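Commentary on secondary and tertiary structure
The chain contents come next:
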Amino acid sequence: MERTSEVSERSQSRAATSDAKMFLNVKDLKIGVRTSGVMLPVVDAANLSVDRNAATGIVGESGSGKTMLCRALIGTLSRRGAVLISGSMLFEGRELAGAPESVWKRIRGREIGYVPQSSLAGLNPVLTIGTQLIEAIMAMEPANRVEAERTARELLELVRIPRAKLLLEEHPHQLSGGMRQRVMIAAALAQRPKLLIADEPTTALDVTIQREILTLMAGLRRDLGMSLILVSHDLAVIEEVCDSVMVMYAGASVEVAPVEVLRRAPQHPYTRALRSSRVDTATPGQDLDAPSGEPVAVGAWPEGCRFAPRCALVDQTCQRGPQPPLMGNAHQSSACIRAEPVEDTW
Ligand SMILES: Nc1ncnc2c1ncn2[C@@H]1O[C@H](COP(=O)(O)OP(=O)(O)OP(=O)(O)O)[C@@H](O)[C@H]1O
Ligand code: SF4
Ligand SMILES: [Mg+2]
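Calculation criteria
Residues numbered from 1 in each chain as written. Chains lettered and ligands numbered in written order. Predicted model: local features only at pLDDT ≥ 70, side-chain atom pairs only at ≥ 80, totals over all residues. Helix = DSSP H or I, 4+ residues; strand = E, 2+ residues; numbered from the N terminus. Buried ≥ 20, exposed ≤ 12 C-beta atoms within 10 Å, placed from the backbone. Contact = placed C-beta atoms within 7 Å. Near = placed C-beta within 6 Å. Nonpolar A, V, L, I, M, F, W, Y, C, P; charged D, E, K, R; others polar. Axes fitted to C-alpha atoms, helices over the stretch in contact; angles between N-to-C directions. Parallel < 35°, antiparallel > 145°, perpendicular 65-115°, else oblique. Left-handed = near helix turned anticlockwise from the far one by under 90°. Pairing = 2+ DSSP bridges. Right-handed = clockwise from strand over helix to strand, strands pointing away. Expected span 1.5 Å × (residues − 1). Arc of directions from axis to C-beta.

Tallying secondary structure elements over the protein chain gives eleven helices and twelve strands in all. Residue burial in the protein chain is summarised as follows: out of 346 residues, 39% are buried. Sequence separation of 24 or more characterises 62% of the internal contacts of the protein chain that already satisfy a separation of 6 or more.

Right, let's get into the site of ligand 1. Around ligand 1, 16 residues are found, and the nearest of them are Val42, Ser62, Gly63, Thr67 and Met68. Among the secondary structure elements, those contributing two or more residues to the shell around ligand 1 are β1 (22-35) and α2 (66-73). The leading source of residues in the shell around ligand 1 is α2, at three residues. Taken together, the residues of the shell around ligand 1 sort by class into four nonpolar, ten polar and two charged.

Its location among the elements puts Ala121 in the loop between β6 (112-115) and α4 (129-140). For the pair Ala121 and Gly177, spaced 56 residues apart in sequence, the C-alpha to C-alpha distance is 9.6 Å.

Axis separation between α4 and helix α5 (residues 145-158) bottoms out at 9 Å; the angle between their running directions is 110 degrees. Classed by the angle they form, the pair α4 and α5 counts as roughly perpendicular. In the crossing of α4 with α5, the sense of the turn from one axis to the other is right-handed. Where α4 abuts α5, its residues Gly130, Leu133, Ile134, Ile137 and Met138 lie against Arg145, Ala148, Glu149, Thr151, Ala152 and Leu155.

Another point: the pairing of strand β7 (residues 195-199). Consecutive side chains of a regular strand alternate in pointing toward one face of the sheet and then the other. Burial runs high along β7: five of the five residues are buried. Here β7 shows a buried face lined by Leu195, Ile197 and Asp199 and a second buried face lined by Leu196 and Ala198. In this structure, β6 lies alongside β7, joined through four bridges in parallel fashion. The partner of Ile112 across the bridge, within β7, is Leu195. Handedness of the β-α-β unit built from β7, helix α8 (residues 207-224) and strand β8 (residues 227-232) comes out right-handed.

Taken together, 13 residues form the shell around ligand 2, and within it Cys305, Cys311, Leu313, Cys318 and Cys336 come nearest. By residue class, the composition of the shell around ligand 2 is eleven nonpolar, one polar and one charged.

For the rest of this paragraph, the subject is the packing of helix α7 (residues 177-188) against α8. Packed helices, taken two at a time, are described by their axes: the angle between them and the distance between them. It is at 10 Å that the axes of α7 and α8 come closest, and there the two elements cross at 20 degrees. Considered as vectors, α7 and α8 are oriented roughly parallel to each other. For α7 against α8, the interelement crossing comes out right-handed. For the pair formed by α7 and α8, the contact residues are Gly177, Gly178, Gln181, Arg182 and Ile185 on the first element and Ile209, Glu212, Ile213, Leu216 and Met217 on the second. A per-class count over the contact of α7 with α8 returns five nonpolar, three polar and two charged.

Taking 1.5 Å of rise per residue, 14 residues should cover 20 Å, and α5 covers 20 Å from first to last C-alpha, within 8% of that figure. Three or more residues of α5 are buried, namely Ala148, Thr151, Ala152, Leu155 and Leu156. Down the axis of α5, the smallest arc covering the buried residues is 135 degrees, so these residues share one side. Exposed residues pointing more than 90 degrees away from the buried face of α5 are listed as Val146 and Glu154.

Here you go:
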């Protein structure tokens, strides 16, 4: 029989390890936009944790609040006309919710890098890649042009761009979509951030290029010892690169779990529908079981569980009260009142 002191020592050391790993912890984040003088919640229960040197995916349909959450994490909600209403974002023990712009200036780009959604359109068509990268580098830290050009070349080599020196002379339209996305990733890595947030970095790319970019990002994360938040509406993309997943639906986190747990035993009916609608894991000849119906629009969230209008398991109790909170344990939790209790077998 194990002695109590041994059990306590082991759990203390487990707690210490998990504290050391805890890198980013987002709790009950609520974000709103002001429309016609009224504050409209667009995210109201986002929960996410990212370990040091690990990759976490955020998956969900269009409009679920993925980009708003990312913007909260780099302090640029106001650029989308949004505000942080409440909640916590602990980054390496520092509370970023409510941080002033002077703090964000030290964090944004330097500690948390961001590849924005639609970044392929983000390059200025009339300036060369070199000019744009060099300006971005010089805006971040004092460097002369020669040093900044060397850094730009090194960054392009980091994202496996061949002929980096020549590419600096080229304009965005001379580059393929995949190359442009590599340039955007290079720009986000200029200050060697500890955390990179990539918002749908492969959406506009064809399948082969998508795979190359995902492989690149997984390799960079490993080689640079960064953490990664990868946003996608495609669970297959997340599962390929990430260690854990947060599933978002209508402004709320509805399931959080390690990738292998989600693969084996998804709990929330929405997660299950996302999994069974995947082309790559479907049984040949069988219909794909995509979530039926449309996502509920911001401002029209129903009473009770927001997934209720599309859920095959719905009953009357689901439609009462607030959106169910995440329930479970430290390894898997879901926001469904009918989810089976999760055994903590870790
Ligand atoms: N300025 C705004 N005013 C009103 N609603 C807004 C505004 N900006 C965003 N929204 C709404 O907030 C919700 C969340 O938007 P967000 O861009 O975070 O979604 P998303 O999950 O990233 O979607 P997508 O997959 O299409 O990128 C959406 O319903 C969107 O319509
Ligand atoms: S709470 Fe009810 S409606 Fe919501 S996901 Fe669970 S079973 Fe479906
Ligand atoms: Mg988005």
